[in-house]
Amino acid sequence: TVYPIRAPFGGTVVGISKSEGEYVNEKDSKDVIVRVDDLSKYFVVAKAPETDAARIKKGMNVDVKVNAVQAETLQGIVRHIELAAEEADGWKSQQSTFKVSVEILNPPADLRSGQSALIDIVTKRFANVLFLEHEFINKDGEQNFVIDRKGRRRVVQIGNQSDMAAEISRSEEH
């Protein structure tokens, strides 16, 4: 007797886990016969630290870099942020995280389901500004300064900042 297998949604079989005659444990949700994915849309599910999650909003733009795809950075959009945090396990991480779902817009043909990716959620964009990582900005009393390529000390005024970098809004040679 042949028993058809039907999915409750349209998709493509991307993996077969069982062979003819193998048993399936119906009580184990991970014991599956086939994996069916909807390849019309691709999503990256990431974990955002609790300190960053408050700044992430649905609809924000995302830069996506898929390790196996050698194309330029892909564009995405935040589609969902979990309301409840996943608690830290206390060993690997001391900080709770929130799951964030990012849809990849216009995915390339060579993108595959399950590939790993790095994402940068764009919380704010600035045009025509110089951003330097904090490690390159020095402080002398109340004065911030950088050392340019020629070894000269340049006093700088700091504008907008993130956790990793600061905008240089003005610079003077000293």
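Note that the coordinates shown come from a computational prediction; the quantities given were computed from them, not determined experimentally. (Residues numbered from 1 in each chain as written. Predicted model: local features only at pLDDT ≥ 70, side-chain atom pairs only at ≥ 80, totals over all residues. Heavy atoms only, no water.)

Caption draft 1: Region of the structure containing the overall build of the protein. When its secondary structure is counted, the protein shows one helix and 12 strands. At 24 Å, the protein has a C-alpha radius of gyration far larger than the 16 Å of a compact globule built from 174 residues. When its C-alpha atoms are laid out on the principal axes, the protein stretches across 85 × 40 × 30 Å. Counting every position in the protein, which comprises 174 residues, the buried fraction comes to 23%. In the protein, the proportion of contacts linking residues at least 24 apart, taken out of those at least 6 apart, comes to 52%. (Helix = DSSP H or I, 4+ residues; strand = E, 2+ residues; numbered from the N terminus. Rg over C-alpha atoms; globule rule 2.2 N^0.38 Å. Buried < 20%, exposed > 50% of the residue type's maximum accessible area, 1.4 Å probe, protein only. Contact = heavy atoms within 4.5 Å.)

Caption draft 2: Spotlight on the sheet that holds strand β6 (residues 97-105). Pairing is antiparallel across the open sheet formed by five strands, whose spatial order is β3-β6-β5-β4-β7. Because the sheet does not close on itself, it has two edges, and the strands there are β3 (42-49) and β7 (117-121). Pairs of neighbouring strands in the sheet enclose a mean axial angle of 40°, with direction left out of account. (Pairing = 2+ DSSP bridges. Axes fitted to C-alpha atoms, helices over the stretch in contact; angles between N-to-C directions.)

Caption draft 3: Geometry of the pattern of salt bridges. Going through the model one piece at a time under the given rule, you end up with nine salt bridges. Residue Asp52 is joined to Arg55 by a salt bridge in which the shortest nitrogen-to-oxygen separation is 2.6 Å. A relative accessible area of 22% places Asp52 in the partly exposed class. For Asp148, the salt bridge identified is with Arg152, shortest N-O distance 2.9 Å. Look at the salt bridges and you will find they share partners, linking Lys47, Glu86 and Lys99 into a network. (Salt bridge = Lys/Arg side-chain N within 4 Å of Asp/Glu carboxyl O.)

Caption draft 4: Examining the packing of aromatic side chains more closely. Under the counting rule described, the total for this entry stands at zero aromatic pairs. Between the NZ or CZ atom of Arg153 and the centre of the ring of Phe145, over which it lies, the distance is 3.8 Å. (Phe/Tyr/Trp six-rings, centres within 6.5 Å; stacked < 30°, edge-to-face > 60°. Lys NZ or Arg CZ within 6 Å of the ring centre and 35° of its normal.)

Caption draft 5: Broad picture of the sheet that holds strand β8 (residues 130-133). Within the open sheet, the five strands sit side by side as β8-β12-β11-β10-β9. Their pairing is antiparallel. With one partner strand each, in any of the chains shown, β8 and β9 (138-140) form the two edges of the open sheet. For this sheet the average axis-to-axis angle between neighbouring strands, irrespective of direction, equals 55°. Pairing between β9 and strand β10 (residues 143-147): three bridges, direction antiparallel. Residue pairing across strands places Lys139 opposite Asn144, the latter belonging to β10.

Caption draft 6: Broad picture of the layout of surface pockets. What the largest pocket holds in volume is close to 1000 Å³. Put simply, the parts of the chain that give the lining of the largest pocket at least two residues each are β3, β7, β8 and β11 (153-161). Here the lining of the largest pocket gets four residues from one element, more than from any other, and that element is β3. In terms of residue class, the lining of the largest pocket is made up of 13 nonpolar, four polar and nine charged. The volume enclosed by the second largest pocket comes to roughly 250 Å³. If you go around the second largest pocket, you meet 17 residues; those closest to its centre are Tyr42, Phe43, Ser113, Gly114 and Gln115. (1 Å grid on protein atoms, 1.4 Å probe; cavity = no way out; pocket = protein on both sides within 12 Å on 5 of 7 lines; lining within 4 Å. Points joined across faces, edges and corners; volume = space filled by probe spheres on them. Nonpolar A, V, L, I, M, F, W, Y, C, P; charged D, E, K, R; others polar.)

Caption draft 7: Focus on the side chain of Thr97. Tracing the sequence through the fold places Thr97 in strand β6. Excluding residues within four positions of it along the chain, Thr97 makes contact with Lys47, Ala48, Pro49, Glu50, Ala85 and Glu86.

Caption draft 8: Here's a closer look at the nonpolar core. Of all hydrophobic cores here, the largest spans 18 residues; its most connected members are Val64, Val78, Val100, Val102 and Ile104. For this core, the secondary-structure elements that each account for two or more residues are β3, β4 (61-66), β5 (74-81) and β6. Ranked by residue count, the leading element in this core is β6, at four residues. Once residues lying within four places of it in the same chain are set aside, the contact partners of Val64 are Val44, Thr73, Leu74, Gly76, Val102, Ile104, Ala117, Leu118 and Ile119. Formed by five residues, the second largest nonpolar core is a distinct cluster that contains Val146, Val156, Ala166 and Ile168. (Core = buried A, V, L, I, M, F, W, Y, C linked by side-chain atoms within 4.5 Å.)

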